[in-house]
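# Architecture and fold: a report
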Amino acid sequence: MHWRDGERREQSWNLPHLPGARFGGDKPLYVPAGARMFSGAEELTYDLQQLGRTVVVGEPAGGGAHPREGWTVHPHLEATIPVGRPVNPVSGTN
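Because the structure is a prediction, the values reported are computed rather than measured. (Residues numbered from 1 in each chain as written. Predicted model: local features only at pLDDT ≥ 70, side-chain atom pairs only at ≥ 80, totals over all residues. Heavy atoms only, no water.)

### Let's talk about the environment of Pro 82
Rules: Each helix corresponds to a stretch of at least 4 residues labelled H or I by DSSP, and each strand to a stretch of at least 2 residues labelled E; elements are numbered beginning at the N terminus. Accessible area is worked out with a 1.4 Å probe on protein chains only. A residue is then buried under 20% of its type maximum, exposed over 50%, and partly exposed in between. Residue contacts are counted whenever heavy atoms from the two residues lie within 4.5 Å of one another.
Here Pro 82 shows up in strand S6 (residues 77-82). The partly exposed category is assigned to Pro 82, whose relative accessible area is 32%. Taking the C-alpha atoms as reference points, Pro 82 and Gly 64, separated by 18 residues in sequence, lie 9.2 Å from one another. Those residues in contact with Pro 82 that sit more than four places away from it in its chain are Arg 4, His 66, Pro 67 and Arg 68.

Here's what the structure looks like:
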């Protein structure tokens, strides 16, 4: 994750061992996508796609993979501004 505040970069990893059954790296994985796909679902799908692990089926996603913060501008109006962006280690993009 590349954060705007101080141009800080942060990595996240899953645990080396997770309990439970595995799906397996050889089985096909298809992820349905559409305009209502947003945020973390969009980022995870992109990461899996860049790793060559999934085929995305459907329409372009909603475009909201960036974390954001909201500021009250008026009692009936809030501005939401992206404060960071995920950076895929394979593609270098999001």
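### Considerations on the pairing of S6
Note the following rule: Strands pair, by our definition, only if DSSP identifies at least two bridges between them.
Two strands pair when backbone bridges link them, and strand S5 (residues 68-74) and S6 are joined in this way by six bridges, in the antiparallel orientation. Across the sheet, residue Gly 70 finds its bridge partner in S6, namely Thr 80. Linkage of S5 to S6, two consecutive antiparallel strands, is achieved through a turn of two residues.

### Considering the sheet that holds strand S1 (residues 2-3)
Each strand in a sheet pairs with another by means of backbone hydrogen bonds, the pair being arranged parallel or else antiparallel. Ordered in space as S2-S1-S7, the three strands form an open sheet in which the pairing is antiparallel. Of all the strands in the sheet, just strand S2 (8-9) and strand S7 (84-85) have a single pairing partner and so form its edges. Across two bridges, the pairing between S1 and S7 is antiparallel. By the bridge assignment, Trp 3 is partnered in S7 with Gly 84.

### Description of the environment of Asn 94
Selection criterion: Here a polar contact means two N or O atoms within 3.5 Å. Within protein one must be a hydrogen donor candidate and the other an acceptor candidate, and residues neighboring in sequence count only if both atoms are side-chain atoms.
Tracing the backbone through its elements, the reader meets Asn 94 in the segment after S7. Asn 94 sits in the partly exposed class, given a relative accessible area of 39%. For the pair Asn 94 and His 66, spaced 28 residues apart in sequence, the C-alpha to C-alpha distance is 8.9 Å. When neighbours within four sequence positions are excluded, Asn 94 is seen to be in contact with Tyr 46, His 66, Arg 85 and Pro 86. Only 2.6 Å separates the side chain of Asn 94 from the side chain of His 66, close enough to count as a polar contact.

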